[in-house]
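Observations on the three-dimensional arrangement
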Amino acid sequence: MNPFFEPYNTPHDTVPFDRIRLEDFEEAFMEGIRRDNEQIEKTINNPAKPTFDNTIINTEEDEGYYDLLSRVSTVFFNLLSAETNDEMDALAQKMQPILTQHANDVRLNPRLFERIRQVHLHHRKLTPEEKMLLDNCYEGFVRSGALLDEAGKERLRQLTEEASMLSLQFSQNLLKEQKAFTLDITDEAQLDGLPETAREAAAQEYLEGLGVSGERLEDSPKGWRFTLDMPSYSPFMTYSTQRELRKQLYMARNTICTHDNAENNIEICKRLINLRREIAQLLGYKTYADYVLKRRMASNTRGVYRLLNDLVDAYKPTAVKEREELSKLFSAECRTENVEFATAQGHTQPTTAVANSKLYTLNSKLQPWDLGFYSHKLQMKKYNIDQEMLRPYFELSKVIEGIFGLANKLYGITFKENKDIPVYHPDVKAYEVFDKDGSYLAVFYADFHPRKGKQGGAWMTEYQGQYIDKKGENVRPHVSVVMNLTKPTEDKPALLTLGEVETFLHEFGHSLHGMFANTRFESLSGTNVWWDFVELPSQFMENYSVEKDFLRTFAFHYQTGEPLPDELIDRIVKSRNFMAATACLRQVSFGLLDMAYYTQKDEFTEDIIPFEKQAWKKAILGEQLPDTCMTVQFSHIMAGGYAAGYYSYKWAEVLDADAFSVFKKEGIFNQETAQRFRDEVLSKGGTEHPMTLYKRFRGGEPTIDALLKRNGIKIHKTHKTHKTHG
Ligand SMILES: [Zn+2]
């Protein structure tokens, strides 16, 4: 019997992973699609006048028989990321077009849309949550072109297809160009400064380039290959003392896809910008940004520009100082080098003539290819901190206790492992979560370490979303965090870096959003919120990673039991703000660029390279190099889903800092504050506009002040309250 077709009969109706066979998926998918269609037919053919209850809710609440497709999809696609194999991958390839086709058939069904449109026009008095459900449903259809005439629908289809084809080409060109460049070194002296790990990887890369694989042979040709891939590029730019080589690598990376060849992305970018503008205009918006931002917490372009401009104003003075400090170090180092060189030449002082014969001339200026190198030098000089130093204090089992303990301190919830709950891999742990009154709250799965068949990175997902069924029963969620944390070895337990602890806190924050969900409809529950709001609960939790009172609860040396020294924590906190203003301006410059392209009202015909320099000018320090170009490699906004959305990285930071500042004021473990956060934000999912929810918790709109404070940026007197939302 196919387990998807019957009640699971497991603790809390958790997925019976142990009973699911590969063939069950396909059978359930096909039957699920059939039932979906049957239900839509029933809705369409209902002779009664379309109402909210017989049209909108119907497709939402018919759990049991009609939720088969979502039931099987959830399990299948979660496993495809966390525990896949060749057969699963092949089945995904087979199912994907069928599922896309089905989704399109539903979205483009004119009779179904007509009923929804009628309800949208006339409906009974709705609760805010019902209203949100109706809007989401209606907007989903409208954004797929449901209101257009046949010619309009056809045009939308063409534009969308061309855009997705060009996005793909953009990415392929980028990849090709990235792979095409290599920097080969055969003189070992030119590796000066590079750490052993970077040298080894480069030697391996070099041998692979020669077609020699496996172990390095004694007589194999000696060489090192550096590429534009981050794991190769980034250490080189940080550690190499060879300025000329750094320049070569930097220029290669930053002129990618601008050359006179088939991989040039300039015209593709222009076309993509115009295609998206046309799509938005066809659907009734002035610009693509207007189209995107209508369904975002930021609401409109004004809200986004206010954020970006406020950040420039606030951070620029500090960024300028940071740059000066770096320039000072650079000049001092150049001078030392020149003195050494002059001395070697028999001079007592470096003369211009002598110095000019070297790359470091007396007048040389800090260049973009120097930034990584000298920043690292300066950081080491000031803080002398290394991620590895902290590992012994972050043993995984202690970190788990610490994080569960934090949830207990804040919300009173408790975690109890339950080995009767089936899991999809022996490494996965399943917990029952109980609320502060002892009642059952959720199931929490945790999957900590990398293995074959599991994607890289970290994410939170659900096997069951929360909702209230027709009988009024509150169906509690089954959430899961999937990560790739350092594994234990034969002689050591799993020892994490601080970065990994933060990752855990981040995903745990998402899972609290899921576990506390308390809404009526599943599609509005938990993390189903607007896109620039979803990282608030997760990034909020990251704040605890540098709170002494939290670290004291679990950060003990795994051998000696010594607590993590306060002095070390202080240095960590300080070193985190190193170059914070520079980093902020960089993110803001990308946000400005993104907005400049997607707020175009008319056909975009400008030259990309000079346009880019102009668009982000106010967030750039120093001169710009005329040949480099970011746009042609800016996958986020050209090929990814971040078009008119890049600002959201900073937006989420503003929110999490602002929200955490309330806890800083009222106590980082304050249970009343936590309860308010739970009641107004975490439990509400996407049932109302995120700004409405946030304001109920905060008592006002977020400002950038808390972020400035966290980054150690002085708030000037002239600096008025910074609203991030109009
Ligand atoms: Zn996240």
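Our structure's up above, just so we're on the same page.
Predicted model only: the values in this text are computed from it and were never measured. (Residues numbered from 1 in each chain as written. Predicted model: local features only at pLDDT ≥ 70, side-chain atom pairs only at ≥ 80, totals over all residues. Heavy atoms only, no water.)

Right, let's talk about the overall build of the protein for a bit. From N to C terminus, the protein includes 28 helices and 9 strands. Radius of gyration (C-alpha) of the protein: 28 Å, near the 27 Å computed for a compact globule of 726 residues. Projected onto its principal axes, the C-alpha coordinates of the protein cover approximately 100 × 65 × 65 Å. Within the protein, buried positions represent 51% of all 726 residues. A total accessible area of about 33600 Å² is found for the protein, and carbon and sulfur atoms account for 50% of it. (Helix = DSSP H or I, 4+ residues; strand = E, 2+ residues; numbered from the N terminus. Rg over C-alpha atoms; globule rule 2.2 N^0.38 Å. Buried < 20%, exposed > 50% of the residue type's maximum accessible area, 1.4 Å probe, protein only. Areas by Shrake-Rupley, 256 points an atom, 1.4 Å probe, with all protein chains shown as cover.)

This part is about helix α6 (residues 110-121). Compared with an ideal rise of 1.5 Å per residue, which puts 12 residues at 16 Å, α6 spans 16 Å between its outermost C-alpha atoms and is within 8% of the ideal. Listed in full, the buried residues belonging to α6 are Leu112, Phe113, Arg115, Ile116 and Val119. All buried residues of α6 fall inside an arc of 160 degrees around its axis, so they share one side. Turned more than 90 degrees away from the buried face of α6 sit Pro110 and Leu121, all of them exposed. Where α6 is buried, its residues meet α1 (22-44), α2 (52-56), α5 (86-107) and α7 (128-143). Backbone nitrogen of Arg111 and a side-chain oxygen of the N-cap are separated by 3.0 Å at the start of α6; the cap is Asn109. (Expected span 1.5 Å × (residues − 1). Arc of directions from axis to C-beta. Contact = heavy atoms within 4.5 Å. Polar contact = N/O pair within 3.5 Å; in protein donor to acceptor, adjacent residues only side chain to side chain.)

Positionally, Thr287 belongs in the loop between α12 (266-282) and α13 (288-293). A distance of 3.4 Å separates a polar atom in the side chain of Thr287 from the backbone nitrogen of Ala289. A polar contact is formed between the side chain of Thr287 and the backbone nitrogen of Asp290, at a distance of 3.0 Å. With residues up to four places along the chain from it excluded, the contact list for Thr287 reads Ala280, Tyr598, Thr599, Gln600 and Lys601.

Every protein donor of the zinc ion is listed here as His506 (NE2), His510 (NE2), Glu535 (OE) and Glu535 (OE), and their distances to the metal cover 2.1 to 2.8 Å. Taken together, the 4 donor atoms surrounding the zinc ion define angles of 51 to 138 degrees at the centre, an arrangement classified as irregular. Between consecutive donors of the zinc ion, the numbers of intervening residues give the motif H-x3-H-x24-E. Linking His510 in helix α18 (residues 498-515) with Glu535 in the loop between α18 and α19 (536-542), this pair joins segments that are 25 residues apart in sequence. On the basis of relative accessibility, which here comes to 26%, the residue Glu535 falls in the partly exposed class. (Donors = N, O, S within 2.8 Å, 3.2 Å for Na, K, Ca; no water. Tetrahedral: all angles 85-135°; square planar, octahedral: opposite > 155°, others 65-115°.)

Enumeration over the complete set of coordinates arrives at 1 cavity of 30 Å³ or more. Tallying contributions element by element places α19 first for the lining of the largest cavity, with 3 residues. (1 Å grid on protein atoms, 1.4 Å probe; cavity = no way out; pocket = protein on both sides within 12 Å on 5 of 7 lines; lining within 4 Å. Points joined across faces, edges and corners; volume = space filled by probe spheres on them.)

Moving on to the nonpolar core. Counting residues in each nonpolar core, the largest one holds 164 residues, and the members touching the most others are Tyr315, Phe394, Phe415, Phe444, Phe508, Tyr544 and Tyr597. With 12 residues, helix α14 (residues 301-344) is the single largest residue contributor to this core. When neighbours within four sequence positions are excluded, Phe415 is seen to be in contact with Phe404, Ala407, Tyr431, Glu432, Val433, Phe444, Phe508 and Met515. Grouped together as the second largest cluster of nonpolar side chains are 31 residues, Ile20, Leu79, Met95 and Ala430 included. (Core = buried A, V, L, I, M, F, W, Y, C linked by side-chain atoms within 4.5 Å.)

In contact at an axis separation of 6 Å, helix α10 (residues 230-239) and helix α16 (residues 368-383) are set at 70 degrees when each is read in the N-to-C sense. Considering their axes alone, α10 and α16 lie roughly perpendicular with respect to each other. Together, Met237, Thr238 and Tyr239 of α10 and Trp369, Gly372, Phe373 and His376 of α16 make up the contact between the two elements. Each residue belonging to the contact of α10 with α16 can be placed in one class, and the counts come to 4 nonpolar, 3 polar and no charged. (Axes fitted to C-alpha atoms, helices over the stretch in contact; angles between N-to-C directions. Parallel < 35°, antiparallel > 145°, perpendicular 65-115°, else oblique. Nonpolar A, V, L, I, M, F, W, Y, C, P; charged D, E, K, R; others polar.)

Moving on, we come to the pattern of salt bridges. A full pass over the atoms with the stated rule returns 46 salt bridges. The partner of Lys382 in a salt bridge is Glu325, and the shortest N-O contact between them spans 3.0 Å. Taken together, the residues Lys382 in helix α16 and Glu325 in helix α14 connect sequence positions 57 residues apart. A relative accessible area of 38% means that Lys382 is categorised as partly exposed. Among the ionic pairs, Arg391 bridges to Glu500, the shortest N-O distance being 3.8 Å. (Salt bridge = Lys/Arg side-chain N within 4 Å of Asp/Glu carboxyl O.)

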